[in-house]
Amino acid sequence: MSLATDAPSTSRTDVAADAPRLSDAPALLVVDRLAVTYRVNGGVIEGVREASLTIAQGETVAIVGESGSGKSTTAHAILRLLPPSAAIAGGSVRFRGRDLARAGEAELRGIRGRAIGFVPQDPTVSLNPVQRIGDQVGEVLRIHGLADRRTARSRAIEALAEAGLPDPEVHAEQYPHELSGGMRQRVLIAIAIIARPALIIADEPTSALDVTVQRQILDRIDVLKRELGTSVLLITHDLGVAADRADRIVVMSQGEVVETGTPAEVLGAPRHPYTKQLIAAAPSLDDPRSVSRATTVAPDAATAPESPALLAAIDLVKEFPVPRAAGGGTHRAVDGVSFAIPRARTLAVVGESGSGKSTTARLVLRLADATSGRIEFAGEDITRIDGRALRQFRRRAQLVHQNPYASLNPKLSIGAIVADPLEAFRLGSRASRARRVAELIDVVALPSTVLGRRPAELSGGQRQRVAIARALAISPELLVLDEPVSALDVSIQDQILTLLADIQRELGLSYLFISHDLAVLRRIAHEVVVMREGRVVETGGIDAVFRAPRDPYTRALLDAIPGSQAARTRHPAH
């Protein structure tokens, strides 16, 4: 997304609360000089400083900015969902003329869910693990007296379908742990839209979704806008999503609004240096930093693609039993998948939720056993190894999970989490481990002050960087990265992708990189495997597949990339 220009920078006077709104519609929400503070270690820090924005009826406003910029804090402050350590220190939040910053709890309960829907970022901690999906979605209607139990149930199934969940009748009977991360995110969206609220606040609502489902979800929100006049406050790190979906974009940095305007103004002619920095960091399909174009990245692999594979998957099959209530039999989640990853190369796997890409990753790591097929690592068959041999393999191959909140021990400090693999394999002394942990925390661009904190005290992006540091601790030869940057804003994405490329160049690591973000894959991968319904439908060099895709499914994935709508608007001839 090459949108940066050399236009003069702006001042904060350019971003007042009365910035141009969609048409002449009255403001539904007016945030005026909002200030939010946090109590930390006996002191007070400012999370948001005099932030102002407006949302008209039927308008979508996107807030973009790095982790810690204040965008999520602003969204939570509107609904008074701040943690106990935070407080609104000044300003007002007027919704339909009522100041929510000073509203009582009873009034807020009548607004949350019914008048203002909320889509949180992390479905793992937002869904009740012991309640069925259908009951959780319909609960909003029952709480507000909008439906009885039977009607709420049928409406819940409708909302799940609207949110893009396949087989909503089946999934309504399931529990959250039985759904994938992307499916759980769609459940949160169904909860937010079921009462047809006037305003939807969506905090990274599609960060865990593949591009085709992401487009389906955002299209549905657009339909609600048109049919019901619903307004949307969209918190996102994806500038392509903001470009496609927002009527106005608000850019936040260090708790302040630094720029606002239409997508064409903010992304096409940015005035503030910080906005220019965000745009420059955003990955794109034409990114000149792509490792497949850079001879300085993994030079041995680049000049010797015929080198022996570090990892090879040969005709992998994985079948799961289907419950009798759902028809019985077996479901083939992975169906004859084959690929090879040479040393110091990155193979990307892309596909929709349910395509089998994460199951394939679990198979090659031996976290699940293949039904048939073979896995070779450094020339050795590891398909059925166990005991000591399996433990040694896992020292050489590490996983970075998609959801760091669920994969990091909430009771341990960050320092202990990163040191855990070193202790598990008895590597080094206590002093050398401490030095290694400090080095890794610096490598993933986190301050040393996080070492004594716990996962719940970090942002989603910070937790993901901790997960990467932990995976690197024992110097593996292969990293399997399952959506490793999906929760990160573009500037931190840029740092992590640069970091991974640097590590690959210096240490000769191989990566199996799973992502729904094709622009990210374009930046990091040498080869790509496209999966659909458990099968490989296309494979090849990243340039060849992205520039001249052979399979219609690959073309559909490329067409669904966020930002393409805005690009076509700016350049209709293309």
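Check the entry above for the structure.
Bear in mind the structure is a predicted one, so any value in this text is a computation, not a measurement.

Draft legend 1. Expanded view of the pairing of strand S4 (residues 86-95). Pairing geometry for strand S1 (residues 27-40) and S4, over 8 bridges, is antiparallel. Among the inter-strand pairings, Val31 is bridged to a residue of S4, identified as Val93. Direction of pairing for S4 relative to strand S5 (residues 98-99): antiparallel, over a ladder of 2 bridges. Across the sheet, the residue bridging to Phe95 is Arg98, located in S5.

Draft legend 2. Main features of the sheet that holds strand S11 (residues 309-321). The strand order across the open sheet formed by 4 strands is S12-S11-S14-S15, and the pairing between neighbours is antiparallel. Sheet topology places strand S12 (330-342) and strand S15 (380-381) at the edges, where each strand pairs with a single neighbour. Examined bridge by bridge, S11 and S12 share 10 bridges and lie antiparallel to one another. What sits directly across from Phe320, in S12, is His331.

Draft legend 3. Here's a closer look at the packing of helix H16 (residues 414-424) against helix H18 (residues 460-472). Two elements in contact, H16 and H18, have axes separated by 7 Å at closest approach and are oriented at 30 degrees. The orientation of H16 with respect to H18, classified from their angle, is roughly parallel. Regarding H16 and H18, the two cross each other, and that crossing is right-handed. Contacts between H16 and H18 involve Ile414, Ile417, Val418 and Pro421 from the first element and Val466, Ala469 and Arg470 from the second. Residues belonging to the contact of H16 with H18 are distributed by class as follows: 6 nonpolar, no polar and 1 charged.

Draft legend 4. Quick look at the packing of aromatic side chains. Applying the stated criterion to the full structure yields 1 aromatic pair. Relative to Phe393, the ring of Phe377 lies with its centre 5.1 Å away and its plane at 80 degrees, an arrangement referred to as edge-to-face. Remark: Phe393 occurs in helix H14 (residues 387-396) and Phe377 occurs in strand S14 (residues 372-377); sequence separation between them is 16 residues. Just as Phe377 is buried, Phe393 falls in that class too. The lysine or arginine in question, Lys318, covers the ring of Phe320, its NZ or CZ lying 5.2 Å from the ring centre. The ring of Phe425 carries Arg391 above its face, with NZ or CZ at 4.5 Å from the centroid.

Draft legend 5. Region of interest: the pattern of salt bridges. Taken as a whole, this structure holds 28 salt bridges when the rule is applied. For the salt bridge of Lys225 with Asp247, the shortest nitrogen-to-oxygen distance reads 3.2 Å. With Lys225 in helix H8 (residues 211-228) and Asp247 in the loop between helix H9 (239-245) and strand S9 (248-253), this pair connects stretches of sequence that are 22 residues apart. We classify Lys225 as buried; its relative accessible area is 15%. Exposure remark for Asp247: the relative accessible area of 24% places this residue in the partly exposed category. Via salt bridges that share partners, Glu319, Arg332, Asp335 and Arg535 belong to a single interconnected network.

Draft legend 6. The arrangement of the side chain of Glu483 in detail. Among the secondary structure elements, Glu483 is positioned in the loop between strand S17 (478-482) and helix H19 (490-507). Buried charge without a partner: Glu483 forms no salt bridge, and the closest opposite charge is Lys357, 4.9 Å away. Residues contacting Glu483, with those up to four places away along its chain left out, are Lys357, Gln402, Gln464, Ile514, Ser515 and His516.

Draft legend 7. Looking closely at helix H4 (residues 133-143). Within H4, the full set of buried residues consists of Ile133, Gly134, Gln136, Val137, Gly138, Val140 and Leu141. Tucked inside the fold, the buried residues of H4 contact helix H5 (149-162), helix H6 (168-171) and helix H7 (181-193). Following H4 by one or two positions, Gly145 has its phi on the positive side, about 70 degrees.

Draft legend 8. The sheet that holds S5, seen in detail. Taken in spatial order, the 4 strands make up an open sheet running S2-S1-S4-S5, and their pairing is antiparallel. Every other strand in the sheet has two partners, leaving strand S2 (43-56) and S5 as the edge strands with one partner each.

Draft legend 9. Structural context of the environment of Asp442. Note on placement: Asp442 falls in helix H17 (residues 430-443). Judged by its relative accessible area of 59%, Asp442 is exposed. In the structure, Asp442 is positioned 27 residues away from Ala469 in sequence and 9.2 Å away in space, judged by C-alpha atoms.

What counts, and where the lines are drawn
Residues numbered from 1 in each chain as written. Predicted model: local features only at pLDDT ≥ 70, side-chain atom pairs only at ≥ 80, totals over all residues. Heavy atoms only, no water. Pairing = 2+ DSSP bridges. Helix = DSSP H or I, 4+ residues; strand = E, 2+ residues; numbered from the N terminus. Axes fitted to C-alpha atoms, helices over the stretch in contact; angles between N-to-C directions. Parallel < 35°, antiparallel > 145°, perpendicular 65-115°, else oblique. Left-handed = near helix turned anticlockwise from the far one by under 90°. Contact = heavy atoms within 4.5 Å. Nonpolar A, V, L, I, M, F, W, Y, C, P; charged D, E, K, R; others polar. Phe/Tyr/Trp six-rings, centres within 6.5 Å; stacked < 30°, edge-to-face > 60°. Buried < 20%, exposed > 50% of the residue type's maximum accessible area, 1.4 Å probe, protein only. Lys NZ or Arg CZ within 6 Å of the ring centre and 35° of its normal. Salt bridge = Lys/Arg side-chain N within 4 Å of Asp/Glu carboxyl O. Lys, Arg positive; Asp, Glu negative; His and termini not counted.

It is worth stressing that arrangement in space is one thing and function is another; only the former is reported here.
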